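Here are the chains, one letter per residue:
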Amino acid sequence: MSDDRETDTASESSYQLSRYKKSPSSLTNLSSSSGMTSLSSVSGSVMSVYSGDFGNLEVKGNIQFAIDYVDSLKELHVFVAQCKDLAAADVKKQRSDPYVKTYLLPDKGKMGKKKTFVLKKTLNPVYNEILRYKIEKQILKTQKLNVSVWHRDTFKRNSFLGEVELDLETWDWDNKQNKQLKWYPLKRKTAPVALEAENRGEMKLALQYVPEPNPGKKLPTTGEVHIWVKECLDLPLLRGSHLNSFVKCTILPDTSRKSRQKTRAVGKTTSPVFNHTMVYDGFRPEDLTEACVELTVWDHYKLTNQFLGGLRIGFGTGKSYGTEVDWMDSTSEEVALWEKMVESPNTWIEATLPLRMLLIAKISK
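What you see is a predicted model; the values in this text were computed from it and never measured.

Colleague: What should I look at first to understand the sheet that holds strand β10 (residues 158–167) in this one?
Modeller: Two modes of strand pairing occur in sheets, parallel and antiparallel, and in both the strands are linked by backbone hydrogen bonds. Spatial strand order, β7-β6-β9-β10: 4 strands in an open sheet with antiparallel pairing. Every interior strand has two partners, whereas the edge strands, β7 (114–115) and β10, have only one. Pairing geometry for strand β6 (residues 98–105) and strand β9 (residues 144–152), over 8 bridges, is antiparallel. The residue bridging K101 from the neighbouring strand is S148, located in β9.

Colleague: Mind showing me how you'd approach a positive patch on the surface here?
Modeller: Taken together, the side chains of K92, K93, K120 and K121 define a basic patch exposed on the protein surface. You can see K93 is positioned in the loop between β5 (75–84) and β6. What makes K93 exposed here is its relative accessible area of 52%.

Colleague: I keep staring at helix α4 (residues 332–343) and nothing clicks. Help me out?
Modeller: An α-helical segment advances 3.6 residues per turn. Residues three or four places apart therefore align on the same side. The end-to-end C-alpha distance of α4 is 16 Å, a good match for the 16 Å that 12 residues give at a rise of 1.5 Å each. The set of residues buried in α4 consists of E334, V335, L337, W338 and M341. For α4, the angular spread of buried residues about the axis comes to 160°, placing them on one side. Turned more than 90 degrees away from the buried face of α4, the exposed residues are S332 and E343. If you follow the buried residues of α4, they end up packed against β12 (202–211), β13 (223–233), α3 (287–290), β18 (292–301), β19 (304–313) and β22 (349–354).

Colleague: Help me understand the state of the cysteines in this model?
Modeller: Covalently bonding the sulfur atom of one cysteine to the sulfur atom of another cysteine gives a disulfide. Enumeration according to the criterion identifies 0 disulfides in this entry. With no disulfide partner, C292 has as its closest neighbouring cysteine sulfur the one in C249, 9.6 Å distant. Relative accessible area serves as the criterion here: at 0%, C292 is assigned to the buried category.

Colleague: How should the packing of aromatic side chains be read in this particular structure?
Modeller: Pairs of aromatic rings are described using the distance from one ring centre to the other and the angle between the two planes. Counting across every chain of the model gives 6 aromatic pairs. Judged by centre distance (4.5 Å) and plane angle (20°), the ring pair of F65 and Y184 falls under stacked. With F65 in strand β4 (residues 62–70) and Y184 in strand β11 (residues 182–185), this residue pair connects regions lying 119 residues apart in the sequence. Given the relative accessible area of 1%, F65 is considered buried. Each ring, one from W298 and one from F307, has its centre 5.4 Å from the other, and the planes form 70°; the classification is edge-to-face. The exposure class of F307 is buried, given its relative accessible area of 7%. By the ring-pair criterion, three or more aromatic residues cluster together here, those being Y69, W171 and W173. Positioned above the aromatic ring of W150, the side-chain terminus of K101 is 4.5 Å from the ring centre.

Colleague: Explanation requested: the environment of K262 in the structure shown.
Modeller: Its location among the elements puts K262 in strand β15 (residues 261–262). Residues K262 and V229, 33 residues apart in the sequence, show an inter-C-alpha distance of 9.9 Å. Sequence-distant contacts of K262, defined by excluding residues within four places in its chain, comprise F246, V247, K248, H276 and M278.

Colleague: I keep staring at the confidence of the model for the protein and nothing clicks. Help me out?
Modeller: Detailed reading of the predicted coordinates is not advisable wherever pLDDT falls low. For the protein, the average pLDDT comes to 79, and 78% of its residues sit at 70 or higher. Low pLDDT (under 50) marks residues 1–52, which in the prediction has 172 contacts with non-local residues, meaning those over four places away or in another chain. Confidence drops under pLDDT 50 across residues 191–197; counting only partners more than four residues distant or on other chains, this segment forms 9 contacts.

Colleague: Looking at this structure, I do not really get the pattern of salt bridges. What am I missing?
Modeller: A pair can form between side chains of opposite charge whenever their charged atoms are brought close. Taken as a whole and assessed by the stated rule, the structure comprises 13 salt bridges. Put simply, E286 and R284 hold a salt bridge, and the shortest N to O gap is 3.9 Å. Overall, the relative accessible area of 16% leaves R284 in the buried class. Of the charged contacts in the structure, one is a salt bridge between E334 and R356, with a shortest N-O distance of 3.0 Å. With E334 in helix α4 and R356 in the segment after β22, this pair connects stretches of sequence that are 22 residues apart. With a relative accessible area of 15%, R356 lands in the buried category. Through salt bridges with shared partners, a single network forms among E294, R312, D329, E334 and R356.

Conventions we followed
Residues numbered from 1 in each chain as written. Predicted model: local features only at pLDDT ≥ 70, side-chain atom pairs only at ≥ 80, totals over all residues. Heavy atoms only, no water. Pairing = 2+ DSSP bridges. Helix = DSSP H or I, 4+ residues; strand = E, 2+ residues; numbered from the N terminus. Patch = residues over 30% accessible without salt bridge, like charges linked within 9 Å, V, L, I, M, F, W, Y side chains within 5 Å. Areas by Shrake-Rupley, 256 points an atom, 1.4 Å probe, with all protein chains shown as cover. Salt bridge = Lys/Arg side-chain N within 4 Å of Asp/Glu carboxyl O. Lys, Arg positive; Asp, Glu negative; His and termini not counted. Charge placed at Lys NZ, Arg CZ, Asp CG, Glu CD. Buried < 20%, exposed > 50% of the residue type's maximum accessible area, 1.4 Å probe, protein only. Expected span 1.5 Å × (residues − 1). Arc of directions from axis to C-beta. Contact = heavy atoms within 4.5 Å. Disulfide = S-S within 2.5 Å. Phe/Tyr/Trp six-rings, centres within 6.5 Å; stacked < 30°, edge-to-face > 60°. Lys NZ or Arg CZ within 6 Å of the ring centre and 35° of its normal. pLDDT = per-residue confidence, 0-100.

Structure below.
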């Protein structure tokens, strides 16, 4: 996963941030202490790598595809043939406008996503397209191939129609049978937590909410959230014995570059000490229930950043400013830390939390 969050040309967003303008409690005036002015004018869209609508349509039908590794080209070829008996996004007319998308997991960087054309008004689309990945075979053996089917409506919104996942670590590339076209039943979305349950290490941190003094008024109108990233423990090694990690912070729903702060990179250790404090101001009391602190840990290597794990600290309600969002998914431990911070202003609340796989919201430019 590249940390420069990929943009989807067709804007696979599940909602528009501009909706927040209707709410008086939108986080439009947050600013960070790094001299970055405001939490952007809230008009872009927040998206996730798994963006789109997952809940509304039943998952049914099958997909036919084949995979092959072409040694001479050092390429993985995914031959997407067709789908059969897909769910109908347009129930009245019994049709969908489906396309197929593939990812290599867990690294869904810019290289990771390939798509077929969208075919209109059909539940049995025939694609006969080859999706190609330039990738070394050894790296491929550490990946999973995710093949998903989506309906795209006239407003370019996407609805999930089903997926198949193949573990390439156990795939027999020499077996000729494995190069033949096969039918696979489409399945429901893998739960985010189930994507990667292995240990990603922990982060030791402390949070504090500091209401701004407001002479003459009883209740403060705004305040600051202070995030003290102390250290990480037992980070996973992705590159043999090398690790050069840093922590990045974004206050969702804002994903603009102005919202981001990060620590310096600390090398040669799986338990880096950062002792870095980040400050975000402009938080009104009501914003505390709608916002979420996303902390992500990355391994910086040459020109790329590899995702190691992250936290989302908030109330975990699944909603933000009245809109359902997939990033408001805090675990019980993350929620507990946020609750204590809100209940105990002007006090550092410390915790050591397990890092986890996140479906990361995209950066709006």
